[in-house]
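# Architecture and fold: a report
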Amino acid sequence: MKVELLPSSVPASEAQFLVSFLVNDALAIDAGSVGLLADLGRQERVRHVVLTHEHVDHIASLPILLENVYQPGSDCVELLACSDVLDFIHRDVFNGRVWPDFFALSNDVDRFVTATPIRVLEPLVRAGLTITPLPVSHGVDAIGVLVDDGTTAVAFPSDSGPTDVFWRHAGACPRLAAVFMECSFPDSLRELAAVTGHHCPSTFAIEIRKLDRDVRWIVVHRKPRYAAEIARELAALGIPNLEFVVPGRAYEL
Ligand SMILES: [Zn+2]
Ligand SMILES: [Zn+2]
């Protein structure tokens, strides 16, 4: 399975401002920067977009993506998210003011988007991948996803503080090879991490023990202002198999 965290700074750098993972070039997990890919052909290859929640760093470029890849006809991007997230996106973004109502403009012969509601613990198959939405703990209703190609599985907890159901399900998958795991704040902002449903290094270290399995822990979602501080604190914990994501790198997992 090929996984890439798309760059989200100008020019591209290690700073992560937005969230978009591409899996095998066909599935996007979140749409923070996928609509900013310079290569429109890459945008067109994205056929399915899973939204983990409605925070703007996860949806920022969705209107741009749908605009960019639109061509007259019934072929379009499928947007997969929990029904409340689909509702927020429609009402608050594609509302005819912030952006055209691509939902209302889509009909049987001409479509900008198809919206598919998903539910936690109900797997679905897209682009040859089994995608299992799992609940996480982020202050707003948010999901993580487990993506499994039958040979390898990769876990994307998205934004989450301490949580449990996600790890039970991820840990039950014998093919699990890697987790793209958030650590948003340094320990000096532990309280802020707690109230906003995020991790800091000390809670990260406790959290990963919930998974009784050797995997690659690939750290994502460091707030750029604190990225070096978070890296120092995590490195000091001596966690095995820990690495920091390189935006734009294609991870073959
Ligand atoms: Zn969030
Ligand atoms: Zn986020």
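To start, this report covers the structure provided alongside it. (Residues numbered from 1 in each chain as written. Chains lettered and ligands numbered in written order. Predicted model: local features only at pLDDT ≥ 70, side-chain atom pairs only at ≥ 80, totals over all residues. Heavy atoms only, no water.)

In this section: the pattern of salt bridges. On inspection of all chains with the given rule, the structure shows eleven salt bridges. Two residues, E122 and R119, come together in a salt bridge whose shortest N-O distance is 3.6 Å. According to the relative accessible area criterion, R119 is exposed, its value standing at 54%. Here K210 ties to E207 by a salt bridge, and the two come within 2.9 Å at their closest N and O atoms. A relative accessible area of 33% means that K210 is categorised as partly exposed. Given a relative accessible area of 2%, E207 falls into the buried group. Members of the salt-bridge network, linked through shared partners, are K2, E4, D25 and R42. (Salt bridge = Lys/Arg side-chain N within 4 Å of Asp/Glu carboxyl O. Buried < 20%, exposed > 50% of the residue type's maximum accessible area, 1.4 Å probe, protein only.)

This paragraph deals with the sheet that holds strand β6 (residues 113-117). Pairing within the open sheet is mixed, and its seven strands lie in the order β6-β5-β4-β3-β2-β1-β14. Edge positions in the sheet fall to β6 and β14 (250-252), since each has one partner strand and no second. When the angles between neighbouring strand axes are averaged without regard to direction, this sheet yields 25°. Relative to β6, strand β5 (residues 77-81) runs parallel, the two being bridged by five bridges. By the bridge assignment, L79 is partnered in β6 with A115. (Pairing = 2+ DSSP bridges. Helix = DSSP H or I, 4+ residues; strand = E, 2+ residues; numbered from the N terminus. Axes fitted to C-alpha atoms, helices over the stretch in contact; angles between N-to-C directions.)

The next thing to look at is the coordination of the zinc ion (ligand 2). Surrounding the zinc ion (ligand 2) are the protein donor atoms D57 (OD), H58 (NE2), D159 (OD) and H221 (NE2), which sit 2.1 to 2.2 Å from the metal. Each of the four donor atoms bound to the zinc ion (ligand 2) contributes to angles spanning 87 to 159°, and the resulting shape is irregular. If you look at the zinc ion (ligand 2) and the zinc ion (ligand 1), they sit 3.6 Å from each other and are both ligated by D159. On the criterion of sequence distance, the pair formed by D57 in helix α2 (residues 56-59) and D159 in the loop between β10 (153-156) and α5 (165-171) is long-range, its members being 102 residues apart. (Donors = N, O, S within 2.8 Å, 3.2 Å for Na, K, Ca; no water. Tetrahedral: all angles 85-135°; square planar, octahedral: opposite > 155°, others 65-115°.)

By the secondary structure assignment, E207 is in helix α7 (residues 201-207). Those residues in contact with E207 that lie beyond four places of it in its chain are G161, P162, T163, W167, M181 and H199. (Contact = heavy atoms within 4.5 Å.)

Okay, the coordination of the zinc ion (ligand 1) next. Ligation of the zinc ion (ligand 1) by protein atoms is provided by H53 (NE2), H55 (ND1), H138 (NE2) and D159 (OD), these donors lying 2.1 to 2.3 Å from the ion. For the zinc ion (ligand 1), the four donor atoms in the first shell make angles of 92 to 165° at the metal, so the coordination geometry reads as irregular. Between consecutive donors of the zinc ion (ligand 1), the numbers of intervening residues give the motif H-x1-H-x82-H-x20-D.

Counting residues in each nonpolar core, the largest one holds 27 residues, and the members touching the most others are F21, V147, F156 and F180. Breaking this core down by element, the ones donating at least two residues are β1 (2-5), β2 (21-23), β3 (27-29), β8 (129-135), β9 (143-148), β10, β11 (176-182) and β12 (216-220). At three residues, β9 tops the list of elements feeding residues into this core. When near neighbours in sequence (up to four residues on either side) are disregarded, V147 contacts M1, V23, L27, I29, L129, T130, T152, A153, V154 and F156. Core analysis: the next-biggest nonpolar cluster, separate from the first, contains 26 residues, L79, V85, F94 and V113 among them. (Core = buried A, V, L, I, M, F, W, Y, C linked by side-chain atoms within 4.5 Å.)

Right, let's get into helix α3 (residues 62-69). If you check which residues of α3 are buried, you get L62, P63, L65, L66 and V69. Taken down its axis, α3 places every buried residue within 160° of arc, on the same side. As for α3, its buried residues are in contact with α1 (40-45), β4 (48-50), α2, β5, α4 (83-92) and β6. (Arc of directions from axis to C-beta.)

What the seven strands build is an open sheet, ordered β7-β8-β9-β10-β11-β12-β13; its pairing is mixed. At either margin of the open sheet sits one strand with a lone partner, and together these are β7 (124-126) and β13 (242-244). Recorded for the sheet is a direction-independent mean angle of 25° between the axes of neighbouring strands. The pairing of β7 with β8 spans three bridges and is classified as antiparallel. Paired with R126 across the strands is L129, a residue of β8.

Here we come to the pairing of β5. Consecutive side chains along a regular strand alternate between the two faces of the sheet. Counted residue by residue, β5 has five buried out of five residues, so it is predominantly covered. Pairing of β4 with β5, which is carried by three bridges, proceeds in the parallel orientation. Its bridge partner being in β5, V50 is matched across the sheet by L80. With α4 bridging β5 and its parallel neighbour β6, the resulting β-α-β unit is right-handed. (Right-handed = clockwise from strand over helix to strand, strands pointing away.)

Nothing here speaks to function; it is all geometry.
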